[in-house]
Each structure stands twice: as C-alpha cells, then as structure tokens.
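Structural overview for review
Below are the chains, spelled out letter by letter.
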Amino acid sequence: SGTVFGPYPVTHLLAAPASGANTISWTYPADRLASAAGFNLYCKAGPITDLSAAQKITGVTSPYVHSGLSNGTRYFNVMTVDAGSRSWIILGSNAR
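Reading guide: rules and limits
- Residues numbered from 1 in each chain as written.
- Predicted model: local features only at pLDDT ≥ 70, side-chain atom pairs only at ≥ 80, totals over all residues.
- Heavy atoms only, no water.
- Helix = DSSP H or I, 4+ residues; strand = E, 2+ residues; numbered from the N terminus.
- Buried < 20%, exposed > 50% of the residue type's maximum accessible area, 1.4 Å probe, protein only.
- Contact = heavy atoms within 4.5 Å.
- Areas by Shrake-Rupley, 256 points an atom, 1.4 Å probe, with all protein chains shown as cover.
- Pairing = 2+ DSSP bridges.

Moving on, we come to the overall build of the chain. Counting its regular elements, the chain contains zero helices and seven strands. Counting over 96 residues, the chain shows a buried share of 39%. Partitioning the intrachain contacts of the chain with sequence separation of at least 6 by distance along the chain shows that 55% fall at a separation of at least 24. Element-wise, carbon and sulfur atoms account for 52% of the exposed surface of the chain, whose accessible area totals about 5,200 Å².

It is worth spelling out unusual backbone geometry at this point. In this structure, P63 follows S62 across a cis peptide bond, with omega equal to 0°. Take P63: it is sitting in the loop between strand 4 (55-58) and strand 5 (64-67).

Most of strand 3 (residues 38-45) is tucked away: six of the eight residues are buried. Sheet topology places strand 3 next to strand 4; four bridges connect them, and they run antiparallel. Following the sheet pairing, C43 is matched in strand 4 by Q55.

Within the secondary structure layout, Y64 lies in strand 5. Looking at Y64, the relative accessible area reads 21%, which means it is partly exposed. For the pair Y64 and L41, spaced 23 residues apart in sequence, the C-alpha separation works out to 9.3 Å. Those residues in contact with Y64 that lie beyond four places of it in its chain are N22, T23, I24, L41 and I57.

One can find M79 in strand 6 (residues 75-83). A residue is classified by how much of its surface remains accessible, and M79, at 0% relative accessible area, is buried. Distance in space between the C-alpha atoms of M79 and I24 is 9.8 Å, their sequence separation being 55 residues.

Below you can see the structure in the form of structure tokens.
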C-alpha cells in the first residue's frame, strides 16, 4: 500500500520479499525527476512511528534490494524524496 504526504506521488509501488531481502520498486513521474534531489528509504522491523528510530538508506534508486534482513520478520518501509529544501514522505509499505 502507499500513502502520499507530499506533492510528488509515486505509482506502481512494490515491496517484494525474498530470502533475506526485500526488493522495493516504484515509479516516479518523469516530469518531477529533475526536482528530486534524491530518494531515501527508512526501514524497521515493526511499524515506523518516528523516522529517527528507523534505518535510513540514502540515495536509493528503483529497484532497490535491501539485503541482510531476517526471514519471517515483517519490515516496514517509508520512502522520502528530497526536493529542494524540503523532504516529503511519499510512500509507506511493508513486506516480510
């Protein structure tokens, strides 16, 4: 599932589990890519209620393989995009 909090929505969000990894993929509007300074992925085993409590991975591109995860554990992800001086939360997902 995805939740848009900022003006730049993503589409085709997928968090696909694999052995010891999750592959996170998304589509971002081509006309907005120039204004996107970068994408950041936050990941945590358990719901993310505070971004500072999650692992931050900067500069991710789609698809991104997040490896080193424990099988059978549900991981929650939040994606942000940096656009100028602002950082927008653009999606949230979970996979195990």
